[in-house]
Amino acid sequence: MPASLRTRAAALLERQTEVARQISEAASMNRRQARAVQAMRASGPARPVYVDMAG
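Read on for an overview of the structure. Position labels on residues start from 1 in each chain and follow its written sequence. Totals for whole chains, interfaces and linings use every residue, but because this is a predicted model, local features are given only for residues with pLDDT of at least 70 and side-chain atom pairs only at 80 or more, for both listing and counting. Where side-chain values are given, they derive from all heavy atoms of the structure, hydrogens and water being excluded.

1. Thoughts on a nonpolar patch on the surface
Piece 1. Taken together, the side chains of V49, V51 and M53 present a nonpolar region at the surface, about 400 Å² in accessible area.
Piece 2. If you trace the backbone, V51 turns up in the segment after α1 (3-41). For patches, a residue must show more than 30% relative accessible area and have no salt bridge; joins then use 9 Å for like charges and 5 Å for nonpolar side chains, namely Val, Leu, Ile, Met, Phe, Trp and Tyr. Only the protein chains shown count as covering a residue, and every accessible area follows the Shrake-Rupley method with a 1.4 Å probe. In what follows, salt bridge is the name for a side-chain nitrogen of Lys or Arg lying within 4 Å of a carboxyl oxygen of Asp or Glu. In this text, helices come from DSSP runs of H or I with a minimum length of four residues, and strands from runs of E with a minimum of two, each type numbered from the N-terminal end.

So, in structure tokens, the structure goes:
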């Protein structure tokens, strides 16, 4: 690789590494949210809830 391109290549690698880290974090968060949604769905049929506003 020409010496004149080394700085540019290093910066590109640094940016790619950061984006890969961000994608990994986002995927991990997505999996956690999917598990939470699945847990809410697995709790059985929804039942009506009434709130007594009169006291």
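2. Some points on the environment of T7
Piece 1. Relative to the assigned elements, T7 resides in helix α1.
Piece 2. Judged by relative accessible area, which is 63%, T7 ranks as exposed.
Piece 3. Expressed as a C-alpha distance, the spacing of T7 and E25, which sit 18 residues apart in the sequence, is 27 Å. A simple rule labels every residue: compare its accessible area, found with a 1.4 Å probe on the protein chains alone, to the largest value its type can have, and call it buried under 20%, exposed over 50%, or partly exposed in between.

3. A closer look at the pattern of salt bridges
Piece 1. All chains considered together, the criterion is met by two salt bridges.
Piece 2. Two residues, R21 and E18, come together in a salt bridge whose shortest N-O distance is 2.5 Å. Residue R21 and its partner E18 are both found in helix α1; the two are separated by three residues, about one turn of the helix.
Piece 3. On the accessibility criterion, R21 (38% relative accessible area) is partly exposed.
Piece 4. E18 sits in the partly exposed class, given a relative accessible area of 32%.
Piece 5. Here E25 and R21 are joined by a salt bridge, their closest N and O atoms 2.3 Å apart. In this pair, E25 and R21 are both assigned in helix α1, four residues apart and thus about one turn of the helix distant.
Piece 6. Salt bridges here are not isolated pairs; linked through shared partners, they connect E18, R21 and E25.

4. A short note on the environment of R32
Piece 1. Checked against the element boundaries, R32 lands in helix α1.
Piece 2. Judged by its relative accessible area of 42%, R32 falls in the partly exposed class.
Piece 3. R32 sits 14 residues away from E18 along the chain, and the two C-alpha atoms are 21 Å apart.

Spatial relationships are all this shows, so hold off on functional conclusions.
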